[in-house]
Amino acid sequence: MVGKLTLADMCGRAVRGSLARPMPIGRAVAALGFVQADPIRAPARAQDLILRHRVAGYRAGDLERRFPRLALEEDFLYAYGFMPGETWRLLHPRHDAASADGRHVPTGLAAEVLTHVREHGATHPAELADRFGKDRAVNGWGGFSKATTRALQSLHYHGLLRVARRRDGIRIYEAAQPHPEPLAPAERLRRLVSLVIRILAPVPDTSLSATFALFGRGAPGLGRWRDAVQELLQSGELASGELDGVRYLWPAVMRTADGTDAPREVRFLAPFDPIVWNRRRFEHLWGWPYRFEAYTKTPKRRFGYYAMPLSWGDAVIGWVNVTTPEGRLDVAAGFAVSRPKDRAFQRGFDAEVARMAAFLARDAA
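Cut-offs used in this document
Residues numbered from 1 in each chain as written. Predicted model: local features only at pLDDT ≥ 70, side-chain atom pairs only at ≥ 80, totals over all residues. Heavy atoms only, no water. Helix = DSSP H or I, 4+ residues; strand = E, 2+ residues; numbered from the N terminus. Rg over C-alpha atoms; globule rule 2.2 N^0.38 Å. Buried < 20%, exposed > 50% of the residue type's maximum accessible area, 1.4 Å probe, protein only. Contact = heavy atoms within 4.5 Å. Areas by Shrake-Rupley, 256 points an atom, 1.4 Å probe, with all protein chains shown as cover. Phe/Tyr/Trp six-rings, centres within 6.5 Å; stacked < 30°, edge-to-face > 60°. Lys NZ or Arg CZ within 6 Å of the ring centre and 35° of its normal. Salt bridge = Lys/Arg side-chain N within 4 Å of Asp/Glu carboxyl O. Pairing = 2+ DSSP bridges. Axes fitted to C-alpha atoms, helices over the stretch in contact; angles between N-to-C directions.

**Student:** Could you clarify how one ought to interpret the overall build of the protein chain in this entry?
**Tutor:** The number of helices and strands found in the protein chain is 13 helices and 15 strands. Computed over C-alpha atoms, the radius of gyration of the protein chain comes to 22 Å, within 12% of the 21 Å expected from 2.2 N^0.38 for 365 residues, which places it in the range of a compact globule. Projecting the C-alpha coordinates of the protein chain onto the three principal axes gives extents of approximately 65 × 55 × 40 Å. Taking all 365 residues of the protein chain together, 51% fall into the buried category. Taking the contacts inside the protein chain whose residues are at least 6 apart along the sequence as the reference set, 60% of them involve residues at least 24 apart. Split by element, the accessible area of the protein chain, about 17800 Å² in all, is 51% carbon and sulfur.

This is the structure we're talking about:
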């Protein structure tokens, strides 16, 4: 237990603790532990916007282009995204609540799809629709998807298929290798809890229940996450402290601000970047309620369709909407209070616009 914290200390941990020195893409994903994905391209997919701050020379689409060579996986943690094999192995085997012994055994169309992929290798969903028909089934959002697509998603979720690569953003599936002997349940829980706290650190412990609920029923035992937190605190692997009566948790080895001034740098962050993912923490640390409004009706939007939080040093002071009308980069900024008037901010803003243009150039080529 660290004790009472200052706002500056916590902002520094949130920003500088998440942004290490830029590194190769595979190492960056391993260091993060998980990179959330999102298909909206406004101006680029979330995974690319997250990695551009953490990978030297990163260009939009690099993760998809290099994915087959990186030994990474796509899967669902508390959201869908990309992860190193170490994270992926913690998720499997997933518990099947519909099975008496918790082991998932596909039947019907799913069993046929699995046999087809095992026999034919990497498979595009369209091939399955041609082979098995285009019947539709209710998807997880209450709409309809092809039954073969739903079968692929179920087989992937339960670790029987994996994503081999993408073609124009569409997942190409192949059979997954048999999973190694799973960890003991208590150890698996401890590592999952430690991983989530590391990704989102420093995280309010009051946010963890909702975060772990997003895992669904495929990870039994997460209801005991408080026991795991206590064990990690007692072992010294986690540290904690209070700010305004809120207890925060973070890895004991996490990079801190060390009392130094934050680098005077402007960054446009993805709405799903770990720095801003926890909206409760966001409002507590930076004093204003950022919202992701892509699914909000236009008249009710305050920030914009795909507003990206704007950080200045260790503070998140506003947002930008980045668009490319007729191939021209346009950046519109809004501020929670007022726009900084010092020249250093304007230089930093202009530099970030230039970095964004270079980042988008490869994807447009």
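**Student:** Looking at this structure, how should I read the packing of aromatic side chains?
**Tutor:** Remark: the centre distance and the inter-plane angle together describe each pair of aromatic rings, the angle taken between the planes. The full count for this structure, using the stated rule, is 21 aromatic pairs. Summarising the aromatic geometry, the rings of Phe268 and Phe349 are spaced 5.4 Å apart at their centres and angled 65° between planes, so their arrangement reads as edge-to-face. Pair noted here: Phe268 is in strand 12 (residues 266-268) and Phe349 is in helix 13 (residues 343-364), with a separation of 81 residues, a long-range link. Owing to a relative accessible area of 7%, Phe349 belongs among the buried residues under this scheme. Ring geometry for Trp312 versus Phe345: centroids 5.4 Å apart, planes at 80°, classification edge-to-face. Here the residue Trp312 occupies a position in strand 13 (residues 308-312), and Phe345 occupies one in helix 13, the gap between them amounting to 33 residues. According to the relative accessible area criterion, Trp312 is buried, its value standing at 11%. Taking the relative accessible area as the measure of exposure, Phe345 reaches 0% and is therefore buried. Among the aromatic residues, ring-to-ring pairing joins Phe282, Trp286, Trp288, Tyr290, Phe303 and Trp319 into one connected group. It is Arg52 that lies over the ring of Phe359; its NZ or CZ is 5.6 Å from the centre. Looking at Arg131, its charged tip hangs above the ring of Phe132, at a distance of 4.7 Å from the centre.

**Student:** What am I meant to see in unusual backbone geometry here?
**Tutor:** Glycine aside, the phi torsion of most residues is negative, and most peptide linkages are trans. At the junction of His92 and Pro93, the peptide bond is cis and its omega measures out at 0° in the coordinates. By secondary structure assignment, the location of Pro93 is in the loop between helix 5 (85-91) and helix 6 (108-120). Here the residue pair Ala201 and Pro202 is connected by a cis peptide bond, since its omega of -10° sits within 30 degrees of zero. Although it is not a glycine, Ala71 adopts a positive phi angle of roughly 55°.

**Student:** Please explain the pattern of salt bridges as it appears in this structure.
**Tutor:** Two side chains bearing opposite charge may form a pair once their charged atoms approach each other closely. In the structure shown here, the tally under the stated rule is 21 salt bridges. Salt-bridge contacts for Asp9 lead to Arg13; the nearest nitrogen and oxygen are separated by 2.9 Å. With Asp9 and Arg13 both in helix 1 (residues 7-16), this residue pair falls 4 residues apart, about one helical turn. In this structure Arg13 comes out as buried when scored by relative accessible area, which is 9%. The network of salt bridges with shared partners includes Arg52, Glu265, Arg267, Glu352 and Arg355.

**Student:** What's the story with the environment of Gly169 in this structure? I'm lost.
**Tutor:** Examined against the element boundaries, Gly169 turns out to sit in the loop between strand 7 (161-167) and strand 8 (170-175). Given the relative accessible area of 18%, Gly169 is considered buried.

**Student:** Please clarify how the sheet that holds strand 13 should be interpreted in this entry.
**Tutor:** Within a sheet, adjacent strands bond to each other through the backbone by hydrogen bonds, running parallel or antiparallel. Pairing within the open sheet is antiparallel, and its 4 strands lie in the order 12-13-14-15. Edge positions in the sheet fall to strand 12 and strand 15 (330-335), since each of these pairs with one other strand and no more. Strand-to-strand, the axes of this sheet are offset by a mean angle of 30°, without reference to chain direction. Alignment of strand 14 (residues 315-323) against strand 15, held across 6 bridges, turns out to be antiparallel. Paired with Val320 across the bridge in strand 15 is Ala333.

Honestly, that's just the spatial picture; any functional story needs more than this.
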